[in-house]
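Analysis of the macromolecular model
The residues making up each chain are set out below.
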Protein chains: 2
Amino acid sequence: MEKSIFYHAGCPVCVSAEQDIIHLIGPQKVEVVHLGNDRGRIAEAEAAGVKSVPALLTPAGHVLHINFGASMADVKG
Amino acid sequence: MEKSIFYHAGCPVCVSAEQDIIHLIGPQKVEVVHLGNDRGRIAEAEAAGVKSVPALLTPAGHVLHINFGASMADVKG
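I will try to describe carefully the structure that is included in this document. (Residues numbered from 1 in each chain as written. Chains lettered and ligands numbered in written order. Predicted model: local features only at pLDDT ≥ 70, side-chain atom pairs only at ≥ 80, totals over all residues. Heavy atoms only, no water.)

On to the environment of Gly69(B), then. All names here are of chain B. Considering the arrangement of structural elements, one finds Gly-69 in strand S4 (residues 63–71). Looking at Gly-69, the relative accessible area reads 27%, which means it is partly exposed. Taking the C-alpha atoms as reference, Gly-69 lies 13 Å from Gly-36; in sequence the two are 33 residues apart. Excluding residues that lie within four positions of it along the chain, Gly-69 makes contacts with Cys-11, Val-13, Val-53 and Pro-54. (Helix = DSSP H or I, 4+ residues; strand = E, 2+ residues; numbered from the N terminus. Buried < 20%, exposed > 50% of the residue type's maximum accessible area, 1.4 Å probe, protein only. Contact = heavy atoms within 4.5 Å.)

This is the structure in structure tokens:
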């Protein structure tokens, strides 16, 4: 099974969206990546098209930017 | 089963996000409402907190604004 990847940075908007997404899609179908804690994956997220967090990268390679927590510039800063 | 409601307005961003969301959540768990065609539901969407489309209203009453297609002002205009 291909998983989606939920990228976030621990902001309140992110945490709320994370709970919603996991509930909707199912926890076994979503990998959650905290870019603040796992900075080695920032480049991967940007390469996938993530412009802000929280964002959901689908198995088809589409990025769904959800609400708005922080720009990638803020995540890197 | 409580359904989510996906509000959109037919814009290209909306259509792409609709396909992704339906695929991720499952078509039987999402009601799709086209606010351009079903203008009687604009007030309901706004009351639920929808500020722009596409947006997903979860069964818990949370609004996830996904990417950005059009503001509600544009939908009404």
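This paragraph deals with the interface of chain A and chain B. With 15 residues of chain A at the contact, the number on the chain B side is 15 residues. In this assembly, chain A packs against chain B so that about 1,200 Å² is buried in total across both faces, 59% of it on carbon and sulfur atoms. Looking at the side of chain A that touches chain B, the elements with two or more residues in it are helix H1 (12–25) and strand S4 (63–71) of chain A. For the side of chain A that touches chain B, the class distribution of residues is nine nonpolar, five polar and one charged. (Buried area = accessible area lost by both parts, 1.4 Å probe. Nonpolar A, V, L, I, M, F, W, Y, C, P; charged D, E, K, R; others polar.)

None of this, on its own, says anything about what the molecule does.
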